[in-house]
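Spelled out, the chains give:
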Amino acid sequence: MEFKTALFYVFSTILVLAATRVITARNPVHAALFLVLSFFSAAAVWMLLKAEFLAIILVLVYVGAVMVLFLFVVMMLDINIDKMREGFWGYFPLAATVGAVIVLEMAAVLLRGFWMPDTQAVISTANIGGTKELGKLIYTQYVYAFEIAGVVLLVAIVAAVALTLRRRKDSKYFSPADAVKVKRSDRVRIVSMKAESERARGISGNGQAAPVPPAE
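What counts, and at which threshold
- Residues numbered from 1 in each chain as written.
- Predicted model: local features only at pLDDT ≥ 70, side-chain atom pairs only at ≥ 80, totals over all residues.
- Heavy atoms only, no water.
- UniProt positions renumbered as here; feature names shortened; annotations may be inferred.
- Helix = DSSP H or I, 4+ residues; strand = E, 2+ residues; numbered from the N terminus.
- Buried < 20%, exposed > 50% of the residue type's maximum accessible area, 1.4 Å probe, protein only.
- Contact = heavy atoms within 4.5 Å.
- Areas by Shrake-Rupley, 256 points an atom, 1.4 Å probe, with all protein chains shown as cover.
- Patch = residues over 30% accessible without salt bridge, like charges linked within 9 Å, V, L, I, M, F, W, Y side chains within 5 Å.
- Salt bridge = Lys/Arg side-chain N within 4 Å of Asp/Glu carboxyl O.
- Core = buried A, V, L, I, M, F, W, Y, C linked by side-chain atoms within 4.5 Å.
- Expected span 1.5 Å × (residues − 1).
- Bend = angle between axes of the 7 residues up to and from the residue.

The name an unreviewed UniProt entry assigns to the chain is NADH-quinone oxidoreductase subunit J, from the organism Undibacterium arcticum. Quoted verbatim from the Sequence similarities (unreviewed entry) field of UniProt, the annotation for the chain is "Belongs to the complex I subunit 6 family." Quoted straight from UniProt, the Catalytic activity (unreviewed entry) entry for the chain says "a quinone + NADH + 5 H(+)(in) = a quinol + NAD(+) + 4 H(+)(out)".

As structure tokens, then:
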């Protein structure tokens, strides 16, 4: 066995074990750290496949930005682990079914690749790790899929903001929509009030101060 093949099996084993601990760890912080380990292992596998650009992007984007933000959110929120795990076994049959279907699909793809290797495909994707070849494929052959993926991500971002937007009662809120609808006549309002009596104002008829009656 070559040294490169041995490294591939080592990193693949670490990746599978870390991914398993992501969904089985009770502490969400530990699960996030195992997910970071999974990303690094996947990046190492990409490096072995000579896809250096994808490996660097995986580390910089997911480990350097997404996971750091996720860790901050997990540590700042007071997550009730017991409440989150309620009803776990109720969803387990459906989750196990979906997982089994995914495993069968991946096994079918991998077994087909091992049994019937396509030499032409291997030669055409030999330099897929570079940015030039990746850009050509994304913006020529897979341009529609790339645009659809961008629209789906945009819709997901808008939906996430809409679902998490809540108005707090203990903070002041100013509606920009109401401010735009305001007209000039609505800003100043003249109110007609009845005149106060002279005795209530403490002024006599000749303009002098009226005497205050003695207290009983």
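Q: I'd like a rundown of the overall build of the chain, residues and numbers included.
A: Helix and strand counts for the chain come out as 11 helices and zero strands. Reading the chain from its N end, one meets helices and strands in the order α-α-α-α-α-α-α-α-α-α-α. Put simply, the chain has 216 residues, and 12% of those count as buried. Sequence separation of at least 24 residues holds for 49% of the intrachain contacts in the chain that already meet a minimum separation of 6. When the accessible surface of the chain is split by element, carbon and sulfur atoms take 68% of a total near 19000 Å².

Q: Break down a nonpolar patch on the surface for me, with residues and values.
A: Taken together, the side chains of F53, I56, I57, L60, V61, Y62 and V66 define a hydrophobic patch exposed on the protein surface, amounting to about 580 Å² of accessible area. Inspection of the secondary structure puts V66 in helix 3 (residues 52–76).

Q: Now, about the side chain of S38: what can you tell me, with residues and values included?
A: Within the secondary structure, S38 is located in helix 2 (residues 28–48). Leaving out residues up to four positions away in the same chain, S38 has contacts with L15, A18, A19 and V22.

Q: Residues and numbers for the nonpolar core, please.
A: One finds A32, V36, F39, A42, A43, A55, L58, V63, M67 and L71 forming the largest nonpolar core, which totals 10 residues. When residues of this core are traced back to their parent elements, those giving at least two are helix 2 and helix 3. Excluding residues within four positions of it along the chain, L71 makes contact with V29, A32 and L33.

Q: An account of helix 3 is needed here, citing residue identities and associated values.
A: Quick reminder: α-helices carry 3.6 residues per turn. Residues three or four places apart thus point the same way. Compared with an ideal rise of 1.5 Å per residue, which puts 25 residues at 36 Å, helix 3 spans 34 Å between its outermost C-alpha atoms and is within 8% of the ideal. Of all the bends in helix 3, the greatest measures close to 30° and is centred on M67. Burial in helix 3 covers these residues: A55, L58, V63, M67, L71 and V74. Structurally, helix 3 contributes buried residues whose contacts are with helix 2.

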